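Each chain, letter by letter, is given below.
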Amino acid sequence: MQGTIIENLSGKKLSVLVSLLVIGQIICFLIGGLIAPTPASSQNILGTQCEDIRVNGSEPGGGKWFYSRGKGACSSVNKGNFDLDDHYLAHQVVYAFQMPIPRNNRQLDYSRWQQNLIGVLQVDIMYHSQMEIVPETRITLDARLAYRNKGDPDYAWKPYAASIEERSLDCTIDLKTDDYIYNCSVVPLFELGSLFHDYYLLNVRLPADTDRNINQGLGHVTDLWLTVINQNGGFTKVWVSLKTIFFPIIVCVLAWYWRRVHMLSRSPALLEYMLLVLGSALTFLNMPLEYLTLAYDMPFMLLLGDIRQGVFYANLLSFWLIFAGEHLMIQDSEQRNSLKCYWRHLSAVGVGCLSLFVFDMCERGIQLRNPFYSIWVTDIGTKLALSFIILAGISAGVYLMFLTYMIWKVFTNISIKRATLPSMSAARRLHYEGVIYRFKFLMIATLLCATLTVVGFILGQMAEGQWKWDEDLELEVTSAFFTGVYGMWNNYILALLVLYAPSHKQWPIETSDSIGEEIEFSRLPTDPNEMLSLTAFAGKTAVE
Amino acid sequence: MKLWMLIGALAVALPVLPADISRNKNRGRGSMWWGIAKAGEPNNFPPVSPAVTHMDPAIHATLRRKQRRLARENPGVLMAVARGANQAIVECQHQFRNRRWNCSTKNFLRGKNLFGKIVDKGCRETAFIYAITSAAVTHSIARACSEGSIQSCSCDYTHQSRAPSDVRDWEWGGCSDNIGYGFKFSREFVDTGERGRNLREKMNLHNNEAGRAHVSSEMRKECKCHGMSGSCTVKTCWMRLPNFRLVGDNLKDRFDGASRVMVSNSDRIRGNSNMITSNSASNSVHGHREGLGRKHRYNFQLKPYNPDHKSPGVKDLVYLEPSPAFCEKNPKLGILGTHGRQCNETSIGVDGCDLMCCGRGYKTQEVVVVERCACTFHWCCKVKCKLCRTKKTIHTCL
């Protein structure tokens with residue numbers, strides 16, 4: 001009879017395999033820490049106040065763009081202070097943000113390796129005792145985004161997106177003194193899922209309308225600051241190289257694993273299916289689709305990335321549930337070995353992931369159409385988003401309860417089994433020992449991985465940026481965390497696929513005296529069908 | 001118009017130039033650039049373009065050779081410095097509006113210091129002027145960097161092992177850091193001529209550093225989460241430039257508690273505290289480029305005049321001699337006196353009539369003023385006010 005590889009593997013081989021994986025893990029961590037830069041970097045851009053000469057206040061056309069550098073740059077408004085005479089009208093002041101800003105005497109341009117662009121806005125409002133603004137001020141922005149590529153003339157901006165957005169400004173001030181600046185929260189402005197073009201230009205107007213009460217309570221806006229955050233090209237390169245390495249490895253191992261399962265005389269068990277699905281989900285996550293963004297404009301990459309991660313984590317969570325369930329060692333099972341009996345547990349995972357998916361579709365999905373969209377700006381949207389997130393949180397709680405309950409049950413069963421082990425026949429004992437060993441091995445590995453992930457996450461949050469060990473060795477903690485965790489789950493599943501694949505080692509034939517055993521699981525063995533229903537890897541029962 | 005006259009006057013004054021400088025040799029050598037604030041309005045500066053090699057002669061004259069080189073090599077910088085100098089003057093005058101010395105500036109004349117001869121004395125006021133101008137340049141340069149009007153702003157590569165040379169670096173690891181460049185540039189530009197060889201130069205250096213330290217310590221950190229589904233698995237943070245009024249207020253506080261220093265026997269190395277000052281501000285960029293001598297310039301510790309006081313910290317202002325009396329007009333020191341200044345009858349502070357008028361007494365007038373009142377602000381750029389006629393009692397020093 002066949003068991004899984006892990007039970008039949010000698011301690012030496014196992015330790016070699018495990019140490020190989022650990023070395024791979026350390027390499028992943030160091031690649032992130034030493035080679036990769038931080039995952040993202042930002043540029044802080046001060047808006048140039050351009051003067052829009054159109055007098056009648058007609059709707060600005062898509063073709064007119066205001067930019068601060070290059071030929072045909074706008075003439076800037078010299079609006080040092082508020083004037084008593086109506087010098088400018090609201091629509092005549094255009095805040096122009098031309099990105100990226102030049103550095104080291106060089107006009108920089110965005111590279112497609114930089115993947116995505118997120119813009120947040122900060123509004124500097126000056127305090128005047130004669131006019132205090134309310135803590136929750138609505139601000140209406142007329143935002144237009146344009147792009148240009150290398151080789152285009154300086155004026156050849158092409159429209160990318162435009163929208164009129166309303167945001168909420170949360171402003172406080174500690175010291176109410178004239179000419180101090182309110183401390184306003186940052187306003188998320190746009191998210192671009194692809195950074196396909198070389199230069200971008202954002203034109204922001206703050207339209208004013210007394211009748212509809214638009215931007216009336218805004219106070220004295222002195223400056224607009226835009227912070228654009230892009231993924232670092234170096235990080236993408238390291239990340240994609242890791243993917244390129246892991247992708248073929250996992251695919252090969254997956255193929256090998258499935259061939260192995262197919263070689264069995266029986267049809268594959270539920271857990272074997274689960275492992276296959278888990279491996280496929282990882283392959284989906286590993287697929288280095290980022291290469292395509294170098295050639296094609298793929299604004300859905302942010303969304304796709306979320307979905308890929310979501311699918312993987314959903315599968316991983318389901319796998320743990322089913323793994324624990326299949327190791328309960330209770331033989332009350334007619335409908336065991338099917339997903340049906342796990343519907344309650346799995347629905348927790350399903351509901352959680354689905355609500356996160358809907359939330360993501362509402363945010364990043366709609367951003368595909370309008371990059372300035374955010375679900376958080378309207379009250380209904382905020383409530384909706386919060387309810388989805390709370391729902392996901394509740395599902396996570398329910399899931400954890402289910403999982404701990406099942407694991408606790410497995411452990412009680414294990415201790416019961418332990419007590420009866422000496423009285424069992426050799427074959428039966430081997431079988432149970434195998435089950436217990438398999439379970440414990442996975443438990444330890446999983447716990448280790450989960451703890452490392454959590455600890456890494458907390459460290460990354462605390463360290464903020466780099467950790468310095470000595471003058472020469474600087475560790476990029478956040479990147480190391482990402483590559484480390486990514487490598488770890490890859491290694492974890494790699495190990496699962498290899499170690500939990502069916503083994504075809506033969507065990508010494510023993511005479512079975514199990515029929516007469518007087519323990520409560522006396523329905524156990526002898527016929528091959530029953531073996532299937534046992535556990536997925538009904539191992540070394542050896543009842544030949 | 002004014003500018004042309006200036007240039008004309010300059011042409012006449014040019015031959016006298018060397019003599020002029022030699023007379024001022026030991027006094028405030030590095031501070032002549034303040035004049036840039038009045039050398040033509042910033043609007044008159046040529047537009048930012050790398051092709052500008054021509055420099056307005058009025059500006060040219062205020063700058064030292066090294067400063068000229070810096071301005072030539074970094075197009076756009078002059079405008080930012082001029083803006084900074086103006087900002088410093090406005091701030092100084094705001095902070096000192098109620099004091100006997102009200103930070104008055106002279107009309108710009110060649111060879112004369114913008115703030116008058118008061119800077120020849122190593123007093124508190126001088127300390128403040130140095131600190132606020134240095135802070136303003138740091139602030140203004142950093143601001144110009146984020147506006148994109150200076151092309152040569154550097155990247156913060158201190159955390160990266162690679163050499164900061166290539167466009168590929170931007171692609172690889174991004175480029176932020178505006179304040180670092182402002183800090184660095186301010187050191188290069190403002191500290192020219194202050195070599196730290198005598199006590200006065202050390203005082204200037206210390207106060208310049210203090211000004212910069214106040215800018216970088218008031219920076220606020222902002223963060224944005226942008227991980228999976230917008231969660232905080234990935235968080236990017238950046239520093240936000242402080243409002244300059246805040247810097248001015250802080251410096252004014254330090255002015256009130258400034259410490260008097262004297263020559264110390266041993267120049268203790270204070271490399272550590274120096275590191276803290278420039279902390280985020282690309283100190284290492286400096287470290288690589290500067291020779292040992294340059295680095296040594298900031299490694300000194302001033303000794304308090306009163307041995308019971310503790311020695312001044314990086315953010316403290318230091319001075320050498322007590323301030324002169326600002327009560328009477330003193331052409332030798334360029335002091336205007338407080339004759340004709342308005343004072344506050346009820347205040348017991350420096351702006352109160354007793355102190356402000358130095359006991360000379362004051363006259364009280366009742367005037368009807370037409371003032372703006374009940375103003376409402378309308379976005380954009382509009383203030384709607386009522387005009388109110390109010391009777392006011394004004395006290396003026398005799």
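Computed from a predicted model, the values in this text were never measured in an experiment. (Residues numbered from 1 in each chain as written. Chains lettered and ligands numbered in written order. Predicted model: local features only at pLDDT ≥ 70, side-chain atom pairs only at ≥ 80, totals over all residues. Heavy atoms only, no water.)

A. A look at the overall build of chain A. Along its length, chain A carries 11 helices and 12 strands. Evaluated residue by residue, chain A yields a buried proportion of 55% over its 544 residues. Across chain A, contacts joining residues at least 24 apart in sequence account for 82% of those joining residues at least 6 apart. Here chain A has roughly 23,800 Å² of accessible surface; of this, 64% comes from carbon and sulfur atoms. (Helix = DSSP H or I, 4+ residues; strand = E, 2+ residues; numbered from the N terminus. Buried < 20%, exposed > 50% of the residue type's maximum accessible area, 1.4 Å probe, protein only. Contact = heavy atoms within 4.5 Å. Areas by Shrake-Rupley, 256 points an atom, 1.4 Å probe, with all protein chains shown as cover.)

B. How the structure looks around the pairing of strand E5 (residues 136-148) of chain A. Residues and elements named next belong to chain A. Most of E5 is tucked away, with 11 of its 13 residues classed as buried. Here E5 pairs with strand E6 (residues 158-172) via 12 bridges, running antiparallel. Directly across from Leu141, in E6, lies its bridge partner Glu165. (Pairing = 2+ DSSP bridges.)

C. Highlighting the domain arrangement of chain A. Residue and element names in this part refer to chain A. Domain annotation for chain A reports domain 1 (5-39 + 234-539) and domain 2 (40-231). Between domain 1 and domain 2, the contact holds 24 residues from the first and 26 residues from the second. Counting across the interface, domain 1 meets domain 2 through 1 salt bridge. Arg364 is the partner of Glu191 in a salt bridge, and the nearest nitrogen-oxygen pair spans 3.4 Å. Viewed at the interface, domain 2 and domain 1 are joined by 12 residue pairs in polar contact (both at pLDDT 80 or more). The set of elements that each furnish at least two residues to the side of domain 1 that touches domain 2 consists of helix H3 (233-262), helix H5 (290-293), helix H6 (301-326) and helix H7 (343-367). (Domains from an automatic or database assignment. Salt bridge = Lys/Arg side-chain N within 4 Å of Asp/Glu carboxyl O. Polar contact = N/O pair within 3.5 Å; in protein donor to acceptor, adjacent residues only side chain to side chain.)

D. Representation of the state of the cysteines within the structure. Residue and element names in this part refer to chain A. In total, this model carries 9 disulfides over all chains according to the counting rule given. Disulfide pairing is shown between Cys50 and Cys74; the S-S distance is 1.8 Å. Between Cys50 and Cys74 the disulfide shows an S-S torsion of about -55°. By sign, it is left-handed. Linking Cys50 in strand E2 (residues 48-51) with Cys74 in the loop between E2 and strand E3 (93-99), this pair joins segments that are 24 residues apart in sequence. Judged on exposure class, the residue Cys50 and its partner Cys74 are both buried. The connectivity of the disulfide bonds within chain A can be written as 1-2, 3-4, using the sequence rank of each bonded cysteine. Of all cysteine sulfurs, the one in Cys362 lies closest to Cys353, which takes part in no disulfide; the gap is 16 Å. For Cys353, a relative accessible area of 28% corresponds to the partly exposed category. (Disulfide = S-S within 2.5 Å.)

E. Structural detail: the environment of Pro242 of chain B. Along the chain, the position of Pro242 of chain B falls in the loop between strand E2 (235-240) and helix H10 (244-256). A sequence separation of 79 residues divides Pro242 of chain B from Glu321 of chain B, and the C-alpha atoms of the two residues are 32 Å apart.

F. Seen up close, the packing of H6 of chain A against helix H8 (residues 379-420) of chain A. Residue and element names in this part refer to chain A. It is at 9 Å that the axes of H6 and H8 come closest, and there the two elements cross at 30°. Between H6 and H8, the crossing angle belongs to the class labelled roughly parallel. Of the two elements, H6 crosses H8, and the hand of that crossing is left-handed. Every residue of H8 that contacts H6 at Leu317, Trp320, Leu321, Ala324 and Gly325 is listed here: Tyr399, Phe402, Leu403, Met406, Ile407 and Val410. Here the contact of H6 with H8 is built from residues that sort into 10 nonpolar, 1 polar and no charged. (Axes fitted to C-alpha atoms, helices over the stretch in contact; angles between N-to-C directions. Parallel < 35°, antiparallel > 145°, perpendicular 65-115°, else oblique. Left-handed = near helix turned anticlockwise from the far one by under 90°. Nonpolar A, V, L, I, M, F, W, Y, C, P; charged D, E, K, R; others polar.)

G. Representation of the pairing of E2 of chain B in the model. All names here are of chain B. Here E2 shows a clear split, with Thr236, Trp238 and Arg240 buried on one side and none of Lys235, Cys237 and Met239 buried on the other. Relative to E2, strand E1 (residues 220-225) runs antiparallel, the two being bridged by 6 bridges. Paired with Cys225 across the bridge in E2 is Lys235.

H. How the structure looks around the pattern of salt bridges. Under the counting rule described, the total for this entry stands at 28 salt bridges over all chains. It is possible to trace a salt-bridge network through shared partners that takes in Asp124 of chain A together with Arg220, Glu222 and Arg240 of chain B.

I. The packing of aromatic side chains, seen in detail. Taken as a whole and assessed by the stated rule, the structure comprises 32 aromatic pairs over all chains. Ring pairs connect the aromatic residues Phe235, Trp239, Phe246, Phe481, Phe482 and Tyr486 of chain A, which therefore count as one cluster. Taking the ring centre of Phe196 of chain A as reference, the NZ or CZ of Arg112 of chain A above it sits at 3.7 Å. In this structure, Arg260 of chain B packs its charged tip against the face of Tyr305 of chain B, placed 3.8 Å from the ring centre. (Phe/Tyr/Trp six-rings, centres within 6.5 Å; stacked < 30°, edge-to-face > 60°. Lys NZ or Arg CZ within 6 Å of the ring centre and 35° of its normal.)

J. Quick peek at the UniProt feature "transmembrane region" (unreviewed entry) in chain A. All names here are of chain A. Here, UniProt's "transmembrane region" (unreviewed entry) annotation points to residues 14-36, 238-258, 270-291, 311-330, 342-359, 384-408, 439-460 and 480-501. Spanning residues 14-36, this segment combines 96% helix with 0% strand, and its end C-alpha atoms are found 32 Å apart. Here residues 342-359 is 94% helix and 0% strand, with 26 Å between the C-alpha atoms at its ends. (UniProt positions renumbered as here; feature names shortened; annotations may be inferred.)

K. Structural view of the interface of chain A and chain B. On the chain B side, the residues contacting the 84 residues of chain A number 64 residues. Summed over both sides, the interface of chain A with chain B buries roughly 6,300 Å², with 52% coming from carbon and sulfur. Across the chain A-chain B interface, the total number found is 4 salt bridges. Salt-bridge contacts for Arg143 of chain B lead to Asp223 of chain A; the nearest nitrogen and oxygen are separated by 2.9 Å. Inspection of the region where chain A meets chain B yields 19 residue pairs in polar contact (both at pLDDT 80 or more). Its residues placed into classes, the side of chain A that touches chain B shows 40 nonpolar, 26 polar and 18 charged. (Buried area = accessible area lost by both parts, 1.4 Å probe.)

L. Highlighting the sheet that holds strand E5 (residues 318-319) of chain B. Reading across the sheet, the 3 strands line up as E4-E3-E5 (chain B) and stay open at both edges, with mixed pairing between neighbours. The strands lining the two open edges of the sheet, one partner per strand, are strand E4 (303-304) and E5 of chain B.

M. Examining the sheet that holds strand E7 (residues 183-184) of chain A more closely. Residue and element names in this part refer to chain A. Strand order across the open sheet formed by 6 strands is E2-E3-E9-E5-E6-E7, with antiparallel pairing between neighbours. Every interior strand has two partners, whereas the edge strands, E2 and E7, have only one. In this sheet, E7 lies alongside E6 in antiparallel orientation, the contact comprising 2 bridges. Bridging across to E7, Cys171 finds its partner in Cys184.

N. Local environment of helix H9 (residues 199-217) of chain B. The first and last C-alpha atoms of H9 of chain B sit 26 Å apart over 19 residues, in line with the 27 Å expected at 1.5 Å per residue. Burial analysis of H9 of chain B places 18 of its 19 residues in the buried class, which makes it a mostly covered element. (Expected span 1.5 Å × (residues − 1).)

O. Layout of helix H2 (residues 11-35) of chain A. Given a rise of 1.5 Å per residue, 25 residues ought to cover 36 Å, and the 35 Å separating the end C-alpha atoms of H2 of chain A matches this to within 8%. By the burial criterion, the buried members of H2 of chain A are Leu14, Leu21, Gln25, Cys28, Gly32 and Gly33 of chain A.

P. Here's a closer look at the confidence of the model for chain A. Residue and element names in this part refer to chain A. Averaged over every residue, the pLDDT of chain A is 81; the share at 70 or more is 84%. When pLDDT is averaged over each element of chain A, H3 comes out on top at 93 and helix H11 (residues 528-534) at the bottom at 36. Counting interchain partners and residues more than four positions distant, the pLDDT-below-50 stretch residues 81-85 has 16 contacts. (pLDDT = per-residue confidence, 0-100.)

Q. Representation of unusual backbone geometry within the structure. Residue and element names in this part refer to chain A. For the bond running from Met99 to Pro100, omega is -5°, close enough to zero to count as cis. Secondary-structure assignment places Pro100 in the loop between E3 and strand E4 (117-126). Even without a glycine there, the phi angle at Asp179 is positive, about 75°. Relative to the helices and strands, Asp179 is located in the loop between E6 and E7.

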